[in-house]
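# Structure assessment
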Amino acid sequence: MAIDDLEKKLRPPADPLKPYPAKMITLANGKTMVVREASREEVGVLLGTIYPLLGCPKDFYDIVAARMYSEILAWYRYRVANEFVLVGAVDGVIAGIVNSRQVDPSLGMSLHTLAVDRGLRVGAQLFAAKMEHHIDVLGEDEVLVVAESPIGFKRWMIEYELEDRSAGYPAVRHELGGVPTYALTRTLWEKHRRNKCTGVRPVPPEILATADKLRMPAEYCQLPGFRRE
Amino acid sequence: MIDFSVYETKQLEIYAYRCPECRAEYYPAPMLCAKCHCRRDPSGIVHKDWDPFPLEGACTLLTWTRVWALPEGYDRPCEMFGIVEFPNGLRAAGRLEAASPVMGMALVARVEESTERPGPPAKVFVFSEA
Amino acid sequence: MAPRVGIVGIGHIKFGNLSEYDLVDIMAYTATDALRDAGILADRRMVDQLFVANMGGGVINHQTGIASALVSRLGLEPTPAELVENGPASGGSAIKLGYMAVASGMADVVMVVGGETMRKVTGWKATDFVATLGHPEAEYGMGLTLPAFGAMFARLYMERYGVTERDLALVAVKDHANAARNKYAHVQEPCTIEAIHESPDAHVVNNYVAEPLRLYSVCPVSDGAATVILVNMDSPKAAAFRHPPIRIAGLGSATDTHCVHNRKDPLHLDAVRLSAEKALAMAKLTPQDISFAELHDAFVVLELAIAEEVGFYPRGKAVEAVRRNENAIDGKLPLNTSGGLKAKGHPVGATGVSQVVELVRQLRGKAEPGRQVKNPRYGMAVNFGGFGNNVVAIICAKE
């Protein structure tokens, strides 16, 4: 489809990013979660998965869902530069989503982590996969990270010992409103990778195929009584 | 008489107590001696106070852990803790600093001030390699 | 001769994250279920006495006078009501006091409600709150928490008896399998030994919480409530209830040193042994008479250690039963048929009452399919306060 000149002016520059190589993780319940990069063609199922959580204030799901919804929409509509989305799927059903973007070849900007399944460390696994993509695959030197929930602060800032960069404000600030900004450096990643990041590659074709067609969850533990028709 | 020594800056110490009657030693101090039933009087007014003595120095590691799920106040991913036994048979729990902890290893106990927990700074044992 | 005391009503809410609910409401919810189960909802003023078990209302909920609040929430005034706090054994202690109230003749019908909402605060604040049961200077002030005590105990236990991380994982797998079938359990998700111990992802999926204990070696932080209604079985009032009573055949409690480091042998849980001995003696039973048990496995290693102190196995031998899968529902001695604290959850003040609710469900033969012990006669609950410094053991019998 032809893109008119005005639309071209609205779009950000796009640098080709290396693809994230899919991996699989055995969750505690014995099920296999495939972690792979989501494509633009899958935005509908991603947004549909996120949408019900807009109404869940518990554990800050509402703000994370609302922001991730808008970020993925912005990616779809070419209103954000160099964003990538990773998805975790169990038998094709989305268990969690993370998104992020590359600011420049040396700097990543971590956006959001949304665990749909809870109690299986899906959020922690997907955050680690996101950092793996930034530093190991894209080769960035560091990633700026913020937390919007106490759980996030404990999981990222404390457990990864992220460097506090808030003293550098406003010159150094995360894109999510300039809230206290922390950084995962390559050195910190090297220190924590073994205890935080796992997964087996390559994923056998038959297992990868289970995640070919992503599906929205029918139920959410965060939303008792909700059932997708 | 006012005890002005409470305003002095003192060396950090954690005290064990000795029963003045039968010399049995305790950490932390009970109210009654388990052996002779002598009562401790923290004020030292009604009854003779027990003899405090600093608990420190050489000790042996009985058991230990590295805790990754620390409570609020600890802004680091993990911290080691251990239980030790002193040569006088008294035991104590505290923080552990050792590259490769092994049960039975020789350690040295010192006291530091900790501000992690709510309230005023607490005196904590730190057990490090001898 | 003291009257016989039986349980005629039970109520239980699904444990989990109930942080949007009020503490007294969830207690009242289970109390209402128990009154309905007993068949006296409309005649609830038959209750002569209410005991409420809770550990953290004053700290977490910033609420005191919880027993008075609950009486009013249930419209039970002027029934006498008291709060019982004995750390994580508050529930067991409240049942003990309920038993004593009936046995003394001061009451014929007693309702015991346990409840806790720990998820009102963050997990690490909840960990801090529970740690306040330690000695203020010699334990809490040092930074020690219950997971730290559990881990240091586990390290000694594993070293002395040759227990491995795989053995502990097997206990978790069994607990989760039971909880997956328990409608009241917090974590109704099974786990597999491959996933939490053997797979290349296991060290991340089942990460260390306090070495050598991993995520699947420790209980979750849970909200919840449970209720039991006790009756004087020898009173004419006993005929008013819908269910035949499940008799409290034995009850014992004991204490141990406040500071864990002051125990002669740090692996001996004297308060467990003594409370179990008392309960068994009162019931005129031996450990071998017990059909199944709920043991306070806040850390899975405690399931083994408590089973040994109670007398189910010689010291250091419980692990052999684990390896033979003898503690599963269809095994020789089913343990933690509810999923235990490990998987059913551990809302501290509710736990002791919840354990006894499970005994009653099993003894009535009303546990869910796949989770029902075959023809149980005697069930035992061990509720462990502090790190073993204040313990209550209760034996229930099917008449």
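Residues numbered from 1 in each chain as written. Chains lettered and ligands numbered in written order. Predicted model: local features only at pLDDT ≥ 70, side-chain atom pairs only at ≥ 80, totals over all residues. Heavy atoms only, no water.

Attention shifts here to the interface of chain B and chain C. The interface of chain B with chain C comprises 30 residues on the first partner and 29 residues on the second. The junction of chain B with chain C conceals about 2,600 Å² of combined surface from both sides, 60% of it contributed by carbon and sulfur atoms. Considering only the side of chain B, the residues that lose the most area to chain C are B:Glu72, B:Arg91 and B:Arg117, jointly responsible for 24% of the buried surface there. Where chain B packs against chain C, one counts three salt bridges. Two residues, C:Glu211 and B:Arg66, come together in a salt bridge whose shortest N-O distance is 2.9 Å. Where the side of chain B that touches chain C is concerned, the elements lending two or more residues are strand 4 (57–67), strand 5 (79–85), strand 6 (91–97) and strand 8 (122–129) of chain B. Tallying contributions element by element places strand 4 of chain B first for the side of chain B that touches chain C, with six residues. Residues belonging to the side of chain B that touches chain C are distributed by class as follows: 20 nonpolar, four polar and six charged. (Contact = heavy atoms within 4.5 Å. Buried area = accessible area lost by both parts, 1.4 Å probe. Salt bridge = Lys/Arg side-chain N within 4 Å of Asp/Glu carboxyl O. Helix = DSSP H or I, 4+ residues; strand = E, 2+ residues; numbered from the N terminus. Nonpolar A, V, L, I, M, F, W, Y, C, P; charged D, E, K, R; others polar.)

Counted under the stated rule, the structure contains 53 salt bridges over all chains. When the shortest N-O distance is used, the salt bridge between A:Glu7 and A:Arg79 registers 3.0 Å. Note that A:Glu7 is positioned in helix 1 (residues 5–10) and A:Arg79 in the loop between helix 3 (61–76) and strand 3 (83–90), a separation of 72 residues in sequence. Here B:Glu116 and B:Arg76 are joined by a salt bridge, their closest N and O atoms 2.7 Å apart. With a gap of 40 residues between them, B:Glu116 in the loop between strand 7 (106–114) and strand 8 and B:Arg76 in the loop between strand 4 and strand 5 connect regions that are remote in the sequence. Judged by relative accessible area, which is 16%, B:Glu116 ranks as buried. Overall, the relative accessible area of 23% leaves B:Arg76 in the partly exposed class. Salt bridges linked by common partners bring B:Arg76, B:Glu79, B:Arg95 and B:Glu116 together as one network. (Buried < 20%, exposed > 50% of the residue type's maximum accessible area, 1.4 Å probe, protein only.)

With that settled, the discussion passes to the domain arrangement of chain B. All names here are of chain B. We note that the domain assignment places domain 1 (12–54) and domain 2 (57–129) within chain B. Opposite the eight residues of domain 1 that make contact, domain 2 presents 10 residues. Sorting the residues of domain 1 by area buried against domain 2 places Leu12, Ile14 and Tyr27 first, and these three jointly supply 71% of that buried surface. Between domain 1 and domain 2 we count zero salt bridges in total. Where domain 1 packs against domain 2, one counts two residue pairs in polar contact (both at pLDDT 80 or more). Considered class by class, the residues forming the side of domain 1 that touches domain 2 number six nonpolar, no polar and two charged. (Domains from an automatic or database assignment. Polar contact = N/O pair within 3.5 Å; in protein donor to acceptor, adjacent residues only side chain to side chain.)

Our next topic: helix 7 (residues 146–161) of chain C. Every α-helical turn comprises 3.6 residues, leaving residues that sit three or four positions apart pointing alike. All names here are of chain C. In this model, helix 7 (16 residues) spans 22 Å end to end at C-alpha, consistent with the 22 Å of a helix rising 1.5 Å per residue. Counted residue by residue, helix 7 has 13 buried out of 16 residues, so it is predominantly covered. At the C-terminal side of helix 7, Gly162 shows a positive phi close to 65°. (Expected span 1.5 Å × (residues − 1).)

A few words on the interface of chain B and chain A. In this complex, chain B contributes seven residues to the contact, which on the side of chain A involves six residues. Between the two partners, chain B and chain A, sit zero salt bridges. Seen at the junction of chain B and chain A, the total is zero residue pairs in polar contact (both at pLDDT 80 or more).

Residue and element names in this part refer to chain C. With respect to the element layout, Ile7 can be found in strand 1 (residues 5–12). Expressed as a C-alpha distance, the spacing of Ile7 and Leu230, which sit 223 residues apart in the sequence, is 4.5 Å. Contacts of Ile7, omitting those with residues within four sequence positions, involve Val228, Ile229, Leu230, Pro244, Pro245, Ile246, Ile248, Val356, Val360 and Cys396.

Another aspect to go through is the pairing of strand 9 (residues 292–295) of chain C. Residues and elements named next belong to chain C. Alternating residues of strand 9 divide into Phe292 and Glu294 and Ala293 and Leu295, and every residue in both groups is buried. By the bridge criterion, four bridges tie strand 9 to strand 10 (residues 378–385) in an arrangement that is parallel. Counted as the bridge partner of Leu295 is Val382 from strand 10. (Pairing = 2+ DSSP bridges.)

Next up on the list: the sheet that holds strand 3 (residues 51–54) of chain B. Taken in spatial order, the three strands line up as 2-1-3 (chain B) in an open sheet, and their pairing is antiparallel. Bordering the open sheet on either side are strand 2 (25–26) and strand 3 of chain B, each of which pairs with just one other strand.

With that out of the way, let us pick up the sheet that holds strand 10 of chain C. Residues and elements named next belong to chain C. Pairing in this open sheet of nine strands is mixed, and the strands run 3-2-4-7-1-8-11-10-9 from one edge to the other. The outermost strands of the open sheet, each flanked by one partner alone, are strand 3 (81–84) and strand 9. Pairwise comparison of adjacent strand axes, ignoring direction, gives a mean angle of 25° for this sheet. Here nine bridges tie strand 4 (residues 109–117) to strand 7 (residues 223–232), and the two strands are oriented antiparallel to one another. Directly across from Val110, in strand 7, lies its bridge partner Leu230. Where helix 11 (residues 270–283) meets the sheet, its contacts fall on strand 8 (246–255), strand 10 and strand 11 (390–398), and the angle it forms with strand 8 comes to roughly 150°. (Axes fitted to C-alpha atoms, helices over the stretch in contact; angles between N-to-C directions.)

Considering all chains together, one arrives at 15 aromatic pairs over all chains under this definition. Ring centres 5.6 Å apart and planes at 20° place the aromatic pair B:Phe125 and B:Phe127 in the stacked group. Of the two residues examined, B:Phe125 and B:Phe127, each falls in the buried class. The residue whose ring lies beneath A:Arg40 is A:Tyr78, and the NZ or CZ to ring-centre distance is 3.8 Å. Stacked on the ring of B:Phe53, the Lys or Arg B:Arg18 has its end atom at 4.2 Å from the ring centre. (Phe/Tyr/Trp six-rings, centres within 6.5 Å; stacked < 30°, edge-to-face > 60°. Lys NZ or Arg CZ within 6 Å of the ring centre and 35° of its normal.)

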